Amino acid sequence: MLLVGVVGTFVWSIIAQLLGKPEFPLPEPKPEAIDEAFACISEHGKTYTNKAIGVFYRIAKGHEPALSIKAGFALYIMAKISAMFALSTLAYIAVCGAFGGPKVYVMYKEDIDMYVNIAKVKVDEVVGQAKEFVNDKVLAKLKPPAKKTE
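Going along each chain's sequence as written, the residues are numbered from 1 onward. Only residues with pLDDT of 70 or above have their local features reported here, since the model is predicted, and side-chain atom pairs are shown and tallied only from 80 upward, although totals for entire chains, interfaces and linings are computed over all residues. The side-chain figures draw on all heavy atoms in the structure; neither hydrogens nor water molecules are used.

1. A closer look at the packing of helix 2 (residues 31-61) against helix 3 (residues 65-84)
Where helices are involved, their axes are fitted lines through C-alpha atoms of the stretch in contact, as for all axes, and angles between N-to-C directions lie from 0 to 180°. Helix and strand definitions follow DSSP, with helices as H or I runs of at least four residues and strands as E runs of at least two, each counted in order from the N terminus. Packing of helix 2 against helix 3 brings their axes to within 9 Å, and their N-to-C directions diverge by 110°. Comparing the axis directions of helix 2 and helix 3 gives the class roughly perpendicular. Between helix 2, through V55, R58 and I59, and helix 3, the contact on the second element is made entirely by L67, S68 and A71. Classifying every residue of the contact of helix 2 with helix 3 by side-chain character gives four nonpolar, one polar and one charged. Roughly parallel means an angle under 35 degrees; roughly antiparallel means over 145; roughly perpendicular covers 65 to 115; every other angle is labelled oblique. Contact definition: two residues touch when any of their heavy atoms are within 4.5 Å. Polarity classes work like this: nonpolar for Ala, Val, Leu, Ile, Met, Phe, Trp, Tyr, Cys and Pro, charged for Asp, Glu, Lys and Arg, and polar for all others, with Gly in that last group.

Rendered as structure tokens:
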């Protein structure tokens, strides 16, 4: 795609010179706008990075069985999905969904909302049962390691 852009702008500039037309319209770069954008991105990135590192730290310490079970379950699901599809296929599905999803939702909004509500009620019911099972049968029997006091 970049090759097409480079060749296209090159051909445009050559033809524009021959015909006496203006060259390809490009905005002038604004370094201060780029600096502001990177400063904003880095601030948000720092916040999310600190949150992620905090969660990884809590998982690595092993003092929270519920968090460890959630992390293990999420990793198991990710492994199952990635075993079924290649990463490029997942990326392709995500891009198609991002562009096609809103149009389909606008066309079938009432039906989609009805089925999503039915699924949400069922998922909430199953999650409640799973939490109750995990709390009663698993977490009640586990004793986290004692925290060191200094």
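So that's the structure; there's more coming.
2. Quick word on the pattern of salt bridges
Any Lys or Arg side-chain nitrogen located within 4 Å of an Asp or Glu carboxyl oxygen qualifies as a salt bridge. Evaluated as defined, the whole model comprises five salt bridges. Across the pair K46 and E43 runs a salt bridge whose closest N-O atoms are separated by 3.4 Å. Within this pair, K46 and its partner E43 are both found in helix 2, separated by three residues, close to a single helical turn. The partner of D113 in a salt bridge is K109, and the shortest N-O contact between them spans 3.2 Å. With D113 and K109 both in helix 5 (residues 109-139) and four residues apart, this pair spans about one turn of that helix.

3. Let's talk about the layout of surface pockets
Where empty space is left in the structure can be found by rolling a water-sized probe over the atoms. In this structure, the largest pocket occupies an estimated 330 Å³ of space. Among the secondary structure elements, those contributing two or more residues to the lining of the largest pocket are helix 3 and helix 5. Take the lining of the largest pocket: its biggest share by element is six residues, from helix 5. Within the lining of the largest pocket, the residues separate by chemical class into seven nonpolar, one polar and two charged. Buriedness for pockets is judged along seven lines, at least five of which must meet protein on both sides within 12 Å for an open set on the 1 Å grid over protein atoms alone, while cavities are sets there where a 1.4 Å probe fits but cannot get out, and lining residues have an atom within 4 Å of a point. Grid points are joined across faces, edges and corners, and a volume is the space filled by probe spheres set on the points.

4. Topic: the environment of I69
Position of I69 among the secondary structure elements: in helix 3. Remark: the alpha-carbon pair of I69 and G8, spanning 61 residues in sequence, is separated by 54 Å.

5. A few points about the confidence of the model for the protein
pLDDT is defined as a per-residue confidence score from the predictor, taking values between 0 and 100. Residues with a pLDDT of 70 or more make up 93% of the protein, whose mean pLDDT is 86. Mean pLDDT across the elements of the protein ranges from a minimum in helix 1 (residues 2-19), with 85, to a maximum in helix 4 (residues 87-107), with 90.

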